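Chain residues, written in single-letter form:
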Amino acid sequence: GSLVLIILGILFLVLTYRNWQKPADKNSDQPSRFSKIIDGITPLKALVFGGAIAIINFKNLAIFLSAVSVLLLSDLSLATQLTMLVPLVLIFCTSVIALVGIAMLVPEYAGIYLTRIKQTIDQYSRPLGLNVPLLLSGILLYQGISGLL
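It should be emphasised that the depicted structure is a prediction, and the values quoted were computed from it without experimental measurement. (Residues numbered from 1 in each chain as written. Predicted model: local features only at pLDDT ≥ 70, side-chain atom pairs only at ≥ 80, totals over all residues. Heavy atoms only, no water.)

1. Points about the overall build of the protein
Moving on, step 1. Within the protein, the regular secondary structure consists of eight helices and zero strands.
Moving on, step 2. Listing each helix as α and each strand as β along the protein from the N terminus yields α-α-α-α-α-α-α-α.
Moving on, step 3. When the 149 residues of the protein are sorted by exposure, 16% land in the buried category.
Moving on, step 4. Here the analysis covers contacts within the protein between residues at least 6 apart in sequence; of these, 73% occur between residues at least 24 apart. (Helix = DSSP H or I, 4+ residues; strand = E, 2+ residues; numbered from the N terminus. Buried < 20%, exposed > 50% of the residue type's maximum accessible area, 1.4 Å probe, protein only. Contact = heavy atoms within 4.5 Å.)

Here it is, written out as structure tokens:
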């Protein structure tokens, strides 16, 4: 388990370095390629796209599987494990639940809110791409090295 955490931490460090080496986008007022795709997507394509992203998104998948394995390998009873699994799944689905919730609860303002969210992500994509993997690598390396000691 500890070696897997160390390997994942190193992979996140490599991802951070790779993101750092990419030049900053000088046309930050232009929408990103991702934003252009999102603007022209139909509901059916969004469903397929969301499912594909959920399956192939290595970072979230690795973190989710690590959390599930820690829970299922614990000494807790099966009933407790299954009870704790529900909030875990909800935590990892929060981004989807929040976006769908906005669309359902305030449909007249959903377009405005979702556009603001997309613009914020576009605006801060570089800092997010550098700091989030760096933070995750630090956490994973710390846990992995602590587990070996």
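2. Topic: helix α8 (residues 125–148)
Moving on, step 1. Here α8 is 24 residues long and its end C-alpha atoms lie 34 Å apart, about the 34 Å a rise of 1.5 Å per residue gives.
Moving on, step 2. All buried positions along α8 are accounted for by G129, L130, P133, S137, L140, L141 and G144.
Moving on, step 3. Where α8 is buried, its residues meet α1 (2–21). (Expected span 1.5 Å × (residues − 1).)

3. Section: the environment of I139
Moving on, step 1. Within the secondary structure layout, I139 lies in helix α8.
Moving on, step 2. The class for I139 is partly exposed, based on a relative accessible area of 42%.
Moving on, step 3. Expressed as a C-alpha distance, the spacing of I139 and G9, which sit 130 residues apart in the sequence, is 7.5 Å.

4. Describing the side chain of Q81
Moving on, step 1. Tracing the backbone through its elements, the reader meets Q81 in helix α5 (residues 78–92).
Moving on, step 2. What makes Q81 buried here is its relative accessible area of 7%.
Moving on, step 3. Sequence-distant contacts of Q81, that is, excluding residues within four places in its chain, are made with L71, L72, S74 and L76.

5. With respect to the packing of α1 against α8
Moving on, step 1. Put simply, α1 and α8 touch, their axes get as near as 7 Å, and they point 155 degrees apart. Compared by their axis directions, α1 and α8 come out roughly antiparallel. In terms of crossing hand, the pair formed by α1 and α8 is left-handed.
Moving on, step 2. Split by residue class, the contact of α1 with α8 holds 17 nonpolar, nine polar and one charged. (Axes fitted to C-alpha atoms, helices over the stretch in contact; angles between N-to-C directions. Parallel < 35°, antiparallel > 145°, perpendicular 65-115°, else oblique. Left-handed = near helix turned anticlockwise from the far one by under 90°. Nonpolar A, V, L, I, M, F, W, Y, C, P; charged D, E, K, R; others polar.)

6. Things to note about the packing of aromatic side chains
The description of two aromatic rings rests on the distance between their centres and on the angle between their planes.
Moving on, step 1. Inspection of every chain in the model, using the stated rule, returns two aromatic pairs.
Moving on, step 2. Centroid distance Y17 to W20: 5.9 Å. Interplanar angle 50 degrees. Geometry classified as tilted. Residue Y17 and its partner W20 are located together in helix α1, separated by three residues, close to a single helical turn. Each member of the pair, Y17 as well as W20, is classed as exposed.
Moving on, step 3. Taken together, a centroid distance of 6.3 Å and an interplanar angle of 50 degrees make the contact between Y109 and Y113 tilted. A residue pair is termed a helical-turn pair when its members lie 3 or 4 positions apart in one helix, as Y109 and Y113 do in helix α7 (residues 107–123) at four residues.
Moving on, step 4. Overall, Y113 belongs to the partly exposed group, its relative accessible area being 36%. (Phe/Tyr/Trp six-rings, centres within 6.5 Å; stacked < 30°, edge-to-face > 60°.)

7. A look at the nonpolar core
Moving on, step 1. Within the largest apolar cluster, six residues are counted, these being L5, L8, F12, L15, A62 and L140.
Moving on, step 2. The dominant element in this core, judged by the number of residues it contributes, is α1, at four residues.
Moving on, step 3. Not counting chain neighbours up to four residues away, the residues in contact with L140 comprise L5, I6, L8, G9 and F12. (Core = buried A, V, L, I, M, F, W, Y, C linked by side-chain atoms within 4.5 Å.)

8. Regarding the side chain of S2
Moving on, step 1. Examined against the element boundaries, S2 turns out to sit in helix α1.
Moving on, step 2. Look at S2 and you get buried, because its relative accessible area is 17%.
Moving on, step 3. Those residues in contact with S2, other than ones at most four positions away along the chain, are G144, G147 and L148.

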